[in-house]
Structures are given as structure tokens and as C-alpha cells.
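Each chain, letter by letter, is given below.
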Amino acid sequence: MMFFGFRLRTAALATLIALLFFSSAAIAHPLSQGALEIVVHPTKLSVTAHVTTEEVSVTNSATGETPLPGPWAATGQSAFEQHADYLAKHLHFAADGTALTGRVVSVTQPPDSSVTTNSYAVYEFEYPLPHASPRVIELKEDVLQDGHFKAGTSWDATYVVKISQENQASFDALLTRSGPINFVCDWTAPAPGAQPPAQINKSHLFGEYFHHGVWHILTGYDHLLFVSALVLAATSLWDLIKVVSAFTLAHTITLTLAALNLVHVSERVSEPLISLSIVFIALQNVFWPADSKGWMRLAAAFFFGLFHGLGFAGGLIDTMHQMHSATVLLAILAFSVGVETGHQMIVLPLFAGLKIARATRATEAGRNRLSFIAQRFGSAAISLAGLWFLVGAMKLCITGQAP
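Residues numbered from 1 in each chain as written. Predicted model: local features only at pLDDT ≥ 70, side-chain atom pairs only at ≥ 80, totals over all residues. Heavy atoms only, no water.

## Digging into the sheet that holds strand β10 (residues 181–184)
Okay, so step 1: Pairing within the open sheet is antiparallel, and its four strands lie in the order β4-β3-β7-β10. This sheet does not close on itself; its edge strands, each paired only once, are β4 (98–99) and β10.
Okay, so step 2: Across five bridges, the pairing between strand β3 (residues 91–95) and strand β7 (residues 136–141) is antiparallel. Bridging across to β7, A94 finds its partner in E138. (Pairing = 2+ DSSP bridges. Helix = DSSP H or I, 4+ residues; strand = E, 2+ residues; numbered from the N terminus.)

## Focus: unusual backbone geometry
Okay, so step 1: The phi torsion at D96 lies on the positive side, around 50 degrees, for a residue other than glycine.
Okay, so step 2: For D96, the location among the structural elements is in the loop between β3 and β4.
Okay, so step 3: The class of D96 is partly exposed, set by a relative accessible area of 36%.
Okay, so step 4: Positive phi is not limited to glycine here, since S133 has a value of about 55 degrees.
Okay, so step 5: Take S133: it is sitting in the loop between β6 (120–128) and β7. (Buried < 20%, exposed > 50% of the residue type's maximum accessible area, 1.4 Å probe, protein only.)

## A word on helix α2 (residues 53–62)
Okay, so step 1: Counting buried positions over the 10 residues of α2 gives nine, a clear majority of the element.
Okay, so step 2: Where α2 begins, the capping side chain belongs to T52, and its oxygen is found 3.0 Å from the backbone nitrogen of E55. (Polar contact = N/O pair within 3.5 Å; in protein donor to acceptor, adjacent residues only side chain to side chain.)

## Quick word on the packing of aromatic side chains
Okay, so step 1: For the structure on display, the rule yields eight aromatic pairs.
Okay, so step 2: Ring geometry for F280 versus F304: centroids 5.6 Å apart, planes at 50 degrees, classification tilted. Taken together, the positions of F280 in helix α7 (residues 267–287) and F304 in helix α8 (residues 295–313) put the pair 24 residues apart, joining distant regions of the chain.
Okay, so step 3: These aromatic residues form a ring-pair network of at least three members: F226, F247, F280, F303, F304 and F307. (Phe/Tyr/Trp six-rings, centres within 6.5 Å; stacked < 30°, edge-to-face > 60°.)

## Side note on the confidence of the model for the protein
Okay, so step 1: Here the protein averages 77 in pLDDT, while 76% of its residues score no lower than 70.
Okay, so step 2: Of the regions scoring below 50 in pLDDT, residues 1–29 engages in 37 contacts with residues more than four places distant in sequence or in other chains. (pLDDT = per-residue confidence, 0-100. Contact = heavy atoms within 4.5 Å.)

## Concerning the pairing of strand β9 (residues 170–175)
Okay, so step 1: Among the six residues in β9, six count as buried, and that is most of the element.
Okay, so step 2: Burial along β9 is two-sided: the residues S170, D172 and L174 and F171, A173 and L175 are all buried.
Okay, so step 3: Pairing geometry for strand β8 (residues 156–165) and β9, over six bridges, is antiparallel. Looking at the pairing, S164 lines up with S170 of β9.
Okay, so step 4: A loop of four residues connects β8 with β9, the two strands running antiparallel in sequence, and N167 in this loop sits at a positive phi of about 65 degrees.

## Brief notes about the packing of α2 against helix α3 (residues 77–90)
Okay, so step 1: For the pair α2 and α3, the least separation of the axes is 10 Å and the interaxial angle reads 80 degrees. When the axis of α2 is compared with that of α3, the two are roughly perpendicular. Residues T53, E55, V56, T59 and N60 of α2 form the contact with α3, whose own contacting residues are A79, F80, Q82, H83, Y86 and L87.
Okay, so step 2: Looking at the contact of α2 with α3 residue by residue, the classes come out as five nonpolar, five polar and one charged. (Axes fitted to C-alpha atoms, helices over the stretch in contact; angles between N-to-C directions. Parallel < 35°, antiparallel > 145°, perpendicular 65-115°, else oblique. Nonpolar A, V, L, I, M, F, W, Y, C, P; charged D, E, K, R; others polar.)

## Describing the pattern of salt bridges
Okay, so step 1: Counted by the stated rule, this structure contains two salt bridges.
Okay, so step 2: Notably, a salt bridge pairs R103 with E126, separated by 3.4 Å at the nearest N-O pair. On the criterion of sequence distance, the pair formed by R103 in strand β5 (residues 103–108) and E126 in strand β6 is long-range, its members being 23 residues apart.
Okay, so step 3: By sharing partners, the salt bridges in this structure join K44, R103 and E126 into a single network. (Salt bridge = Lys/Arg side-chain N within 4 Å of Asp/Glu carboxyl O.)

Quick look at the structure:
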């Protein structure tokens, strides 16, 4: 038994050393969000893009015939010009079904390109129209879909869009790779001095942000690990409802406050704490199973849920100022519903599977033994995965560079 314990400690130490020396900076939910302001003129489209330095760095280091390495991927005017050229080719506009070709008009670097996530470059594009006064403008994107990433990692770029005709009401939408945005033009002259109200396609916007929330969870491996650790310790449906409700309440609070710009915490703080939450909850399941139920577990789920909410907000926070206030509230609601739907897609099947497995044991002792094995070994695996993310988050915290 002592020999087994020695081997277990040795294996854990070897795993830790491997993580520290051989891991790249892991990121759990690779997502970048920018903003596009589009004005439709009778003969051209004027497009202003706001993109994070993180997106510039990732794109330049993973695409093209001559990708830029490491910290040079977003350093200097030429790096931003390279990304602007790339973006112009991967934002696909069409006027009445005819594809448009854009050109870069200007490139403005962010004040501090060493800050990867909350620092924005500004690009101006121009897309000439094949004929005057088109009826429908269509917009699609395939940004980062041609990137060469490490196995198991992919990036998803989305954009808050504000599109309008010159001197007319704007239309808010979310551009993702899942589908196009169609803007119907109205070339009738507005009444002199009239200020038309903002247009919101509520069903389209709700659907896009709902899908965005679900996708964020299903690709947010840190969030999935955390809720899985919570589920492993829940032996009854009531236990599950209480702990998931505590987590949901907490992350909904901070997601809403962050999106409304009432709370802001740097991801250099939130990302390590999210990773630490995985390790803490998983190790609590392994070494202190008595504390994995009751008020201690509810308090831990609520406390760490506050930081997960900031992780859910992600790039939404800094680009929502481009949207109208009514649109922001609808987007928060849809995204939150999507996040919870994504959670339940994991929580309910996992909990049901554990209950079914327990039911296959004839005796209470057998059922308890199965629960013990699933909780201990499953949580041990989750803690190691959480440690992987923690190392990557600490590297991001220290260097400020995205992977």
C-alpha cells in the first residue's frame, strides 16, 4: 500500500513537471469577437472594423503562406496591414447576389498592442457596388476557418454588426460562421429632420446569440469540466438542482453586470480563477468528499460561478457598446439561455448515465461503491485537466500573450 502511494505521488509529480515544461498556453474556449460598422451608400459600402490584438495575433500566426511567429504576429504596422488584407478577403459581401471585392482604405494600430484582448485595431474598408442602389446586401464570414491550429483547438471569430444606409436607421445583428446577414435597403428619402428608430430583427438576433451561447459552452472545456465535477458529487436530483442553481445564479449575475459595463475584471484574473475552480472542486471530490455536498459545495459553486460568468462574457463586453440598449438586453437574455441550454446538454445526460449505472447494482453497497469509484477517479482526471488549463492561464497572466 505504501509502495502504491509512493508511485501515485511520483506519477502526480511527473505529470506536474510535464505540464509546466512541455505545455503550450492552453486556452479553453478559443473565441474572438470584434465589431463591424457598415454604411450602405448608393455606389459603395463603407466598413469600419474593430478587431482585438488577440485576433490579429492568432490570425497572422495561423494563416497565410508566410505566417508570423510568436510575439511578432501582432507587432508593427505591417502585421496589422497583413491582418487587414486577410479580413477584407474573409468578409464576404454580395449586392443582389453579386459578390463584391473590397479594398483596405486605412489601418490604425491599437495604442498598446502588447495587450491582447481589450486592445482594438481599427480598419477602414471600401466595397464598390456593381450597380447603384441595390436592394439586398448579404454578409457572410469565414474568418479563421482556414487556420492551422494544434490538434483539438480551433478558433471562432464573431462580430457585432451595425449596418445602415447613409443618414438612416441602423440595424443590429451578430455575424457568425453559422449563417449570413441580409440587409434590405430602402432608397426612399426620409422625411427632412426625421430620426428613424433603430431596427432590430428580434428573432434573428435572439437565435444568433442563443446559438452563440450554446456553442460557447460546448467548446468551453473549462466550463464543462467544472460542471462535470459538480455532477459527479451529486447523488440525488435535489442535490443536482441546488448546486446547478447556485452556479447558474452566480454566473448570470456577473455576465449581466459585465455586459452592461458595470463590472470589469481582466481575464488575467478571471481565467486563472476559472481553472483553479476546476482543480479545487475536483480535488474536493477526491480528498474531502464529505464537503462535496451541503452548504460548503453550494458556496463554492456560487463563488466560482461569479468568475465563470466573466468568462462567459468574454469578447461580448467590449463590443456591445456598438449596439443599442434594447439590443444589448435581448442579446444578454439570448446568450444566457444558450449558455444554460449548453450546460443542460452535458449535465442531464451525465447525471442520468450515473443513475442508470448505479441502478445496475443489486445492493446498496454496490451502488455506493460505484458512486465512489466514479467520483474519485472521474474527479482525479478532471483535476489533471484543470491543472493543464491553470498552467496555460498562468502563462497568459504572466506574459499577456494569447497562445
